[in-house]
Amino acid sequence: MTLVKINQILEGKYTDQKVTIRGWVYRKREGKELIFILIRDSTGVIQSTIKKDNPSWSEAQKLTIESSLTLEGNVKPDTRAPGGFEIGADNLTITGLAETFPISKDKSEEFIRDMRHLWLRSRKMNLVMKVRAETMQAARDYFNKQNYTEVSPPMFISAAVEGGSTLFGLKYFDQQLYLTQSSQLYLEILMYSLENVYCIAPSFRAEKSRTIRHLTEYWHMEGEWAFANMDDLMKFEEGLMTYICQTIATKCEKEFKELGADIEKLKTIKTPFPRITYKEAIERLKPKNPQLDWGSDLGYEDEKVLAEDFGTPFFVYDYPTAIKAFYCKTYKDHPEVAMSVDMMVPRIGEISTGGAREDNKDLLIERMKAQGLKPEDYEWYLDLRRYGTVPHVGFGMGLERLLVWMLDLDNIIDAIPFPRTTRRFYP
Ligand code: 4AD
Ligand code: MG
């Protein structure tokens, strides 16, 4: 008998053949003469039936939800079965008989979240994790095709990257260290050796906001490269985004269908993306939010309103220097404006931030002081401007925010297997 995966059967490759499958009981219904068992493996769910005269009948009776098993039988097309195929069981062996599975249909969302370690077996999480893996792969492919080198930055760091308010501190032997908020500064170091670099790594934010777009630990796709400007940056980012959308649209059709997510919106993504300045964004938003003025930070609500107008990913660039991080390069004749750009998408708002980096050592020191940072904490970063400084750009895109948008997820916690939020860190 051939050991096969359930998706191969559902693709019609084993019709009228004897197969062996291994998996877990997904649902079970027992009749007088027949037991229906839905079995899942990593690739799908299939129905199997076992008849009363079968020697394995009593084993089948014992089966509980999530018991693991091996089943041998004959594949038949059956329009009544979910997926259109059924296995008529010849033989069934229980590998691990499950105790009463705590997750059932009547359980609350809160309870399911507490049972994350078991909920990850659900079809929903199985499918989301597959799309997540394909998305990371597509991002890597794009960076690699453009000759970027993947690098491995540290997670323990000694000085803040983004603002101190979202910095996680920790005791590192006798020292005060932090969890990294972004790998940017380390990518900048490596750029001087490799020129075009990227990483896909965790970032940490002591983020108290409870929204559908905030985690305290998320995965960050970041790139940094030398001899480049804002236009190069936006072109690269829209190219990356388009490549990811097109790749996912072809590779993940089945996953989107089963999840009920709209794959058509991915197919329509094309370069170039609309670009508006921050100034224009404020002008557009002002009638709806009169409190906004040039200099105000855009909130989640503002970004959502703005994104409704576009209906596709777009860029907002040239933000006020005062609301941006110390490393942002400013315009020589308008130092109040920083070369910073956000990509936004409908429903989520910001999914990436990038920009040109201040490459002049003295201006960088000024910016640090203006933000209350100690230049001596960033000696190594200043060295990058001392020894062969170069104009450069980079960006960071939140992987989970991208997935929330692509998959129409209700909440970012479903875009990552083990979400960390203010209240959730178990298991
Ligand atoms: O806008 P941020 O803070 O920018 C940076 O960290 C830059 N240093 C990146 C760079 O230039 N290399 O974060 C970048 C992106 C955001 O646009 C968002 O997608 C995601 O990271 N992000 C979060 N995702 C989930 N939960 C959070 N708490 C996030 N904070 C930021
Ligand atoms: Mg940002």
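Residues numbered from 1 in each chain as written. Chains lettered and ligands numbered in written order. Predicted model: local features only at pLDDT ≥ 70, side-chain atom pairs only at ≥ 80, totals over all residues. Heavy atoms only, no water.

The final tally for this structure, using the stated rule, is 36 salt bridges. Here D414 ties to R116 by a salt bridge, and the two come within 3.3 Å at their closest N and O atoms. Placement of the pair is D414 in the segment after α14 (399-407) and R116 in helix α4 (residues 116-119), with a sequence separation of 298 residues. For the pair formed by D414 and R116, the shared burial category is buried. Here E134 and K251 are joined by a salt bridge, their closest N and O atoms 3.6 Å apart. Pair noted here: E134 is in helix α5 (residues 123-145) and K251 is in helix α7 (residues 230-251), with a separation of 117 residues, a long-range link. One network of salt bridges, with partners in common, ties together E110, D114, R423 and R424. (Salt bridge = Lys/Arg side-chain N within 4 Å of Asp/Glu carboxyl O. Helix = DSSP H or I, 4+ residues; strand = E, 2+ residues; numbered from the N terminus. Buried < 20%, exposed > 50% of the residue type's maximum accessible area, 1.4 Å probe, protein only.)

Turning our eyes to something else, we now look at the domain arrangement of the chain. Considered domain by domain, the chain is made up of domain 1 (2-100) and domain 2 (116-415). Distance from the C-alpha centre of domain 1 to the C-alpha centre of domain 2: 45 Å. Counting residues at the interface gives nine residues for domain 1, matched by five residues for domain 2. Surface buried jointly by domain 1 and domain 2 totals about 530 Å² across both partners, of which 37% is contributed by carbon and sulfur atoms. (Domains from an automatic or database assignment. Contact = heavy atoms within 4.5 Å. Buried area = accessible area lost by both parts, 1.4 Å probe.)

A few words on the sheet that holds strand β8 (residues 156-157). Taken in spatial order, the three strands make up an open sheet running β8-β10-β9, and their pairing is antiparallel. Single-partner strands in this sheet number two, and they are β8 and β9 (169-172). In this sheet, strand β10 (residues 175-179) lies alongside β8 in antiparallel orientation, the contact comprising two bridges. By the bridge assignment, F156 is partnered in β10 with L179. (Pairing = 2+ DSSP bridges.)

A few words now on the coordination of the magnesium ion (ligand 2). For the magnesium ion (ligand 2), the full set of protein donor atoms is E350 (OE) and T353 (OG1), and the range of their distances to it is 2.2 to 2.3 Å. Overall, T353 belongs to the partly exposed group, its relative accessible area being 27%. (Donors = N, O, S within 2.8 Å, 3.2 Å for Na, K, Ca; no water.)

With that out of the way, let us pick up unusual backbone geometry. Here T271 and P272 are connected by a cis peptide whose omega angle stands at -5 degrees. Mapped onto the elements, P272 comes out in the loop between α9 (264-267) and β13 (275-277). Here the amide bond leading from Y426 into P427 is cis, since omega sits at -5 degrees, within 30 degrees of zero. Its identity is not glycine, yet N147 carries a phi of approximately 65 degrees, on the positive side.

Taken N-terminus to C-terminus, the directions of α5 and α14 make an angle of 120 degrees; their axes are 11 Å apart at the nearest point. In terms of orientation, α5 lies oblique with respect to α14. Pair α5 / α14 crosses with right-handed handedness. Along the contact surface, α5 presents V128, V131, R132, T135 and M136, while α14 presents L399, E400, L402, L403, M406 and L407. Looking at the contact of α5 with α14 residue by residue, the classes come out as eight nonpolar, one polar and two charged. (Axes fitted to C-alpha atoms, helices over the stretch in contact; angles between N-to-C directions. Parallel < 35°, antiparallel > 145°, perpendicular 65-115°, else oblique. Left-handed = near helix turned anticlockwise from the far one by under 90°. Nonpolar A, V, L, I, M, F, W, Y, C, P; charged D, E, K, R; others polar.)

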